[in-house]
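Reading the structure
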Amino acid sequence: MGAVTDDEVIRKRLLIDGDGAGDDRRINLLLKSFTKWCNSPGTPEEGFTQYQRMLGILAQCEFSMGKTLMVYDMNLREMENYEKIYSNIEQNIASAHEKIAECKKEIQRAKRIRKNRQEYDALAKVIQQHPDRHETLKQLEALDKELQQLSHIKENVDAKLELRKKQFHVLLSTIQELQQTLENDEKSDNDDNSQESPAENGE
C-alpha cells in the first residue's frame, strides 16, 4: 500500500471534522449515546427518544460531510481554472514577446526609411543647384513621388507601431491584474486556513 499523502490526510480530517464546527465531537457523542442506548435498562419511550436523538446527530454529521465534499470539489475546480489562467498568461507573454520582436523590426525599417529620405533630400538639394534642364526636372519629379511614397510608408509604420505599443500596454495591464487576483485569492485562502486552525484546536 502506497504512502498516504498530505492531501489525503487533510481530506480525511475534513470528512471527520466537517467545516471545523465540531463534527468529530458529534461522532464521539453519537458513539457514547449508542453505547448508552444499548446498555440502558430504561423504558421503551426513553429508548425511542434516545434513538431519535442519535438519528438527529447522525443527520448533522452527514450534512456536514456532504458540505465538505462540495467545498473540496469546488476547490479542485478552482485549481483547474487557475491552471488555465496561468497557461493563458504564459501564452500571452509569448505572444507579447513576438509582437515586441516585430515592433523592433518595424522600428529598424522606419530608421532606414528616414535615412534614405535624408539622403534623397541631400541629393535633391545638389540637383537644385544645377541649371534647369528637362531631364533634371524629370528626375526631381520622380524623386518627389518616391519621397511621398516613403513618407506614406513611414506614416503607416508609425501608426502600426503606436498600435502595437497600446496593445502591449493593455496586455501587460491584464497580466498584472490577473496576477494580483491570484495573489489575493491565495492570501484569502491562507487567512481562512489560519482562522479555522484555532477553532479546531479549541475543540
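Let me begin by describing the structure that accompanies this report. (Residues numbered from 1 in each chain as written. Predicted model: local features only at pLDDT ≥ 70, side-chain atom pairs only at ≥ 80, totals over all residues. Heavy atoms only, no water.)

1. Thoughts on the overall build of the chain
Each helix and strand counted, the chain has four helices and zero strands in total. Ordered by position in the sequence, the α and β elements of the chain form the string α-α-α-α. Classification of the 203 residues of the chain by burial places 17% in the buried group. Long-range pairs, those at least 24 residues apart, make up 75% of the contacts in the chain with a sequence separation of at least 6. Just so you have it, the chain exposes about 16000 Å², and 54% of that area is on carbon and sulfur atoms. (Helix = DSSP H or I, 4+ residues; strand = E, 2+ residues; numbered from the N terminus. Buried < 20%, exposed > 50% of the residue type's maximum accessible area, 1.4 Å probe, protein only. Contact = heavy atoms within 4.5 Å. Areas by Shrake-Rupley, 256 points an atom, 1.4 Å probe, with all protein chains shown as cover.)

2. Some points on the pattern of salt bridges
Between side chains of opposite charge, a pair can form as their charged atoms come close. In this structure the tally under the stated criterion is one salt bridge. Note that Asp 158 is salt-bridged to Lys 154, the shortest N-O span being 2.8 Å. One end of the pair is Asp 158 and the other is Lys 154, both in helix H4 (residues 134-202) and four residues apart, which spans about a single turn. Residue classification places Asp 158 among the partly exposed positions, given a relative accessible area of 33%. (Salt bridge = Lys/Arg side-chain N within 4 Å of Asp/Glu carboxyl O.)

3. Comments concerning the environment of Arg 114
Along the chain, the position of Arg 114 falls in helix H3 (residues 44-128). It is 8.0 Å that separates the C-alpha atoms of Arg 114 and Lys 154, two residues lying 40 residues apart in sequence.

4. A closer look at a nonpolar patch on the surface
There is a patch of nonpolar side chains on the surface, built from Phe 34, Trp 37, Phe 48, Tyr 51, Leu 55 and Leu 58 and spanning about 550 Å² of accessible area. Elements represented by at least two residues in the nonpolar patch include exactly helix H2 (23-39) and H3. The biggest single contributor to the nonpolar patch is H3, with four residues. If you trace the backbone, Phe 48 turns up in helix H3. (Patch = residues over 30% accessible without salt bridge, like charges linked within 9 Å, V, L, I, M, F, W, Y side chains within 5 Å.)

5. Let's talk about the nonpolar core
As a rule of thumb, soluble globular proteins bury nonpolar side chains together. With six residues, the main nonpolar core is built from Ile 85, Ile 89, Ala 96, Leu 171, Ile 175 and Leu 182. Looking at this core, the elements with two or more residues in it are H3 and H4. Not counting chain neighbours up to four residues away, the residues in contact with Leu 171 comprise Asn 92 and Ala 96. (Core = buried A, V, L, I, M, F, W, Y, C linked by side-chain atoms within 4.5 Å.)

Honestly, that's just the spatial picture; any functional story needs more than this.
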